[in-house]
Amino acid sequence: MSKKGSKRRTAKMSLFFILCVTLIIIATLLLVFAGCYLLIFFGVVSKETIMEQYGWVGLVIVGAVTLVGIGLSGLVSTFFLKPFNRLLSGMDALAKGEFDTRIDIGGYESMVQISDGFNTMAKELEKTRILRNDFVNNFSHEFKTPIASVMGLLDLLEREDIPDEKRRTYLNIIREEIDRLFNMSTRMLALSNIENQYILKDVEGFNLSEQIRKCILLLSTKWEKKGIEFNLDLGEFEIYANRELLDHVWLNLIDNAIKFSREGEEITISVSSDGNSLSVGIENRGENIAEDEITKIFNKFYRGDAAHSQEGNGIGLSIVKHIVEMHKGRVTARNTCNGTLFSVILPYENR
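Given the structure is predicted, the values throughout are model-derived calculations rather than measurements.

Undergrad: Any chance you could explain the overall build of the protein here in plain terms?
TA: When helices and strands are counted, the protein shows 12 helices and seven strands. A sequence separation of at least 24 residues applies to 71% of the contacts in the protein between residues at least 6 apart.

Undergrad: Help me understand the pattern of salt bridges in this model?
TA: As a working rule, side chains carrying opposite charge can pair if their charged atoms are close by. Applying the stated criterion across every chain, the model contains seven salt bridges. Between R243 and E204 there is a salt bridge; the shortest N-O distance is 3.5 Å. On the criterion of sequence distance, the pair formed by R243 in helix α9 (residues 243-259) and E204 in strand β1 (residues 204-207) is long-range, its members being 39 residues apart. Note on R243: relative accessible area 34%, which makes it partly exposed. Among the residues examined, E204 registers a relative accessible area of 36% and is labelled partly exposed. Notably, a salt bridge pairs E265 with R262, separated by 3.8 Å at the nearest N-O pair.

Undergrad: It is not clear to me how the sheet that holds strand β7 (residues 339-347) should be interpreted in this structure. Could you clarify?
TA: What holds strands together in a sheet is hydrogen bonding between their backbones, with the strands either parallel or antiparallel. Taking strand neighbours across the sheet as the criterion, the five strands line up as β2-β4-β5-β7-β6 in an open arrangement whose pairing is mixed. Two strands close off the open sheet at either side, each with one partner strand: β2 (229-233) and β6 (330-335). Neighbour-to-neighbour, the strand axes of this sheet turn through a mean angle of 15°, independent of strand direction. As judged from the nine bridges shared by strand β5 (residues 277-285) and β7, these two strands associate in the antiparallel manner. Each bridged residue has a counterpart across the sheet, and for S277 the counterpart in β7 is P347.

Undergrad: I would appreciate a short explanation of the pairing of strand β3 (residues 238-241) in the present structure.
TA: One face of the sheet, then the other: side chains in a regular strand alternate in exactly this way. In β3, alternate side chains face the same way, and those of I239 and A241 are buried while those of E238 and Y240 on the opposite face are not. For β1 and β3, the ladder comprises four bridges, and the chain directions are antiparallel. For E204, the partnering residue across the bridge sits in β3 and is A241.

Undergrad: How should the packing of aromatic side chains be read in this particular structure?
TA: Two descriptors summarise a pair of aromatic rings, namely the distance from one centre to the other and the angle between the planes of the rings. Here the structure, examined in full by the defined rule, presents two aromatic pairs. Relative to F230, the ring of W223 has its centre 5.3 Å away and its plane inclined at 75°; by these criteria the two rings are edge-to-face. A relative accessible area of 17% places W223 in the buried class. Ring geometry for F237 against Y348: centres 6.1 Å apart, planes inclined by 80°, an arrangement best described as edge-to-face.

Undergrad: Any chance you could explain α9 here in plain terms?
TA: A rise of 1.5 Å per residue sets the reference length of α9, with its 17 residues, at 24 Å; its end C-alpha atoms lie 24 Å apart and thus fit the reference within 8%. A large share of α9 lies buried, amounting to 12 of its 17 residues. Every buried residue belonging to α9 is among L245, L246, V249, W250, N252, L253, I254, D255, N256, A257, I258 and K259, and all of these are buried. Taking the backbone nitrogen of E244 as reference, a side-chain oxygen 3.1 Å away marks N242 as the first, capping residue of α9.

Undergrad: What's the story with the nonpolar core in this structure? I'm lost.
TA: General note: in soluble globular proteins, nonpolar side chains tend to be found buried as a group. L208, I212, W250 and I254 are the most contacted members of the largest nonpolar core, which has 43 residues in total. Of all the secondary structure elements, the ones that give two or more residues to this core are α7 (208-218), β3, α9, β4 (266-273), β5, α12 (316-326), β6 and β7. The element best represented in this core is α9, accounting for eight residues. Contact partners of I212, with chain neighbours within four places excluded, come to L234, W250, I254, I269, V271 and V280. Counting eight residues, the second-largest nonpolar core is a separate cluster that includes L94, F99, M111 and F118.

Undergrad: Looking at this structure, I do not really get the environment of K123. What am I missing?
TA: Within the fold, K123 resides in helix α5 (residues 109-157). Counting along the chain gives 23 residues from K123 to D100, while the straight-line C-alpha distance between them is 7.2 Å.

Undergrad: Which parts of the structure should I look at to understand helix α4 (residues 82-95)?
TA: Along an α-helix, residues three or four positions apart point the same way, because every turn accommodates 3.6 residues. The end-to-end C-alpha distance of α4 is 20 Å, a good match for the 20 Å that 14 residues give at a rise of 1.5 Å each. Residues of α4 that are buried: P83, N85, L87, S89, G90, A93 and L94. A positive phi of about 90° marks G97, the residue just after α4.

Undergrad: Before we go on, may I ask you to explain the environment of K226 in this structure?
TA: When you line up the elements, K226 lands in the loop between α8 (220-225) and β2. When sequence neighbours within four positions are dropped, the list of residues in contact with K226 reads I258, K259, S261, E263 and G264.

Undergrad: Please explain unusual backbone geometry as it appears in this structure.
TA: A negative phi angle characterises most non-glycine residues, just as the trans form characterises most peptide bonds. A positive phi angle is found at K328, which is not glycine, with a value near 65°. For K328, the location among the structural elements is in the loop between α12 and β6.

Undergrad: Can you help me understand a nonpolar patch on the surface in this one?
TA: There is a patch of nonpolar side chains on the surface, built from Y37, L38, F41 and F42 and spanning about 510 Å² of accessible area. Judged by its relative accessible area of 62%, F42 falls in the exposed class.

Undergrad: Even after reading the chapter, I still don't get the packing of α7 against α9, so can you show me in this structure?
TA: A packed helix pair is summarised by two numbers, namely the angle formed by the two axes and the spacing between the axes. Close contact between α7 and α9 brings their axes to 9 Å; oriented N to C, the two are set at 50°. Between α7 and α9, the angle falls in the class oblique. Handedness of the α7/α9 crossing: right-handed. Counted together, L208, Q211, I212, C215, I216 and L218 of α7 and R243, L246, D247, W250, L251 and I254 of α9 form the full contact between these two elements. Here the residues of the contact of α7 with α9 sort into nine nonpolar, one polar and two charged.

What counts and how
Residues numbered from 1 in each chain as written. Predicted model: local features only at pLDDT ≥ 70, side-chain atom pairs only at ≥ 80, totals over all residues. Heavy atoms only, no water. Helix = DSSP H or I, 4+ residues; strand = E, 2+ residues; numbered from the N terminus. Contact = heavy atoms within 4.5 Å. Salt bridge = Lys/Arg side-chain N within 4 Å of Asp/Glu carboxyl O. Buried < 20%, exposed > 50% of the residue type's maximum accessible area, 1.4 Å probe, protein only. Pairing = 2+ DSSP bridges. Axes fitted to C-alpha atoms, helices over the stretch in contact; angles between N-to-C directions. Phe/Tyr/Trp six-rings, centres within 6.5 Å; stacked < 30°, edge-to-face > 60°. Expected span 1.5 Å × (residues − 1). Polar contact = N/O pair within 3.5 Å; in protein donor to acceptor, adjacent residues only side chain to side chain. Core = buried A, V, L, I, M, F, W, Y, C linked by side-chain atoms within 4.5 Å. Patch = residues over 30% accessible without salt bridge, like charges linked within 9 Å, V, L, I, M, F, W, Y side chains within 5 Å. Areas by Shrake-Rupley, 256 points an atom, 1.4 Å probe, with all protein chains shown as cover. Parallel < 35°, antiparallel > 145°, perpendicular 65-115°, else oblique. Left-handed = near helix turned anticlockwise from the far one by under 90°. Nonpolar A, V, L, I, M, F, W, Y, C, P; charged D, E, K, R; others polar.

In structure tokens:
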């Protein structure tokens, strides 16, 4: 908001404040006069007695009090409304998308809390805008790259002098690029659908250990291609949850572990319980995640530098976090001496 607009609003608010105080004073005086009138009307006191005892001195005092009250209200309004005007100006700036706006509305504890709350909200909105912009740039690049590859390969396939072996190679590449596009669009739809869910529905009892085994089998073509082996300590645990949503969690985390594991290495998956919660750990053998990135990898649309050289679009881990939190659980990641360990903690009731 411009300085002129801010001053204009401050003036309007001050006038409104003064008007309110003036009306209160006038209403008080009217009540006093009404009381005197009633006393005279019922003969409690006479008009002459009131005039003799108070007379013009009383009227002068009333007038002086009125003027002083209006003047003081104007001064008070200037200081009293100033922090509120700053807050309103900041809110207007945020509404216009100026997320770098910060305010300081005074030194009182309550005012400091309001300022800190507003500034924290503005910082989070600014981070969200940056993440959204980065995602749009990255996602558009991710879409354009396979499309450009497919178009180029289709042009080559139109040539009649292409050997059959190269033709098959080109067709396989086209199939892989189409799979990439399909996976990206599927994950985007999944993220949109899941983020719009806040109430956990379709809860049922099922064997969590068996579910994880099936998810490993569904990804067999990926881990067999890299010669990866699994070290499993799953036990047998029954859980009450949304089976379909947890499928997303395990498929995303196991796929992520395969993606960042070195060829011929081992992925360790374990399930344990302390009686109140289930803990699922998925550890891959690969390069550690940078410490300044490991706290951000669950943020929507975030992709670290390591992710740019691999498949991915910064959506899968955001889906995982949202689903786990819907189940009143939590998900964390930390570096180990061998690689990275993802841990999912879910409420557990042993019925």
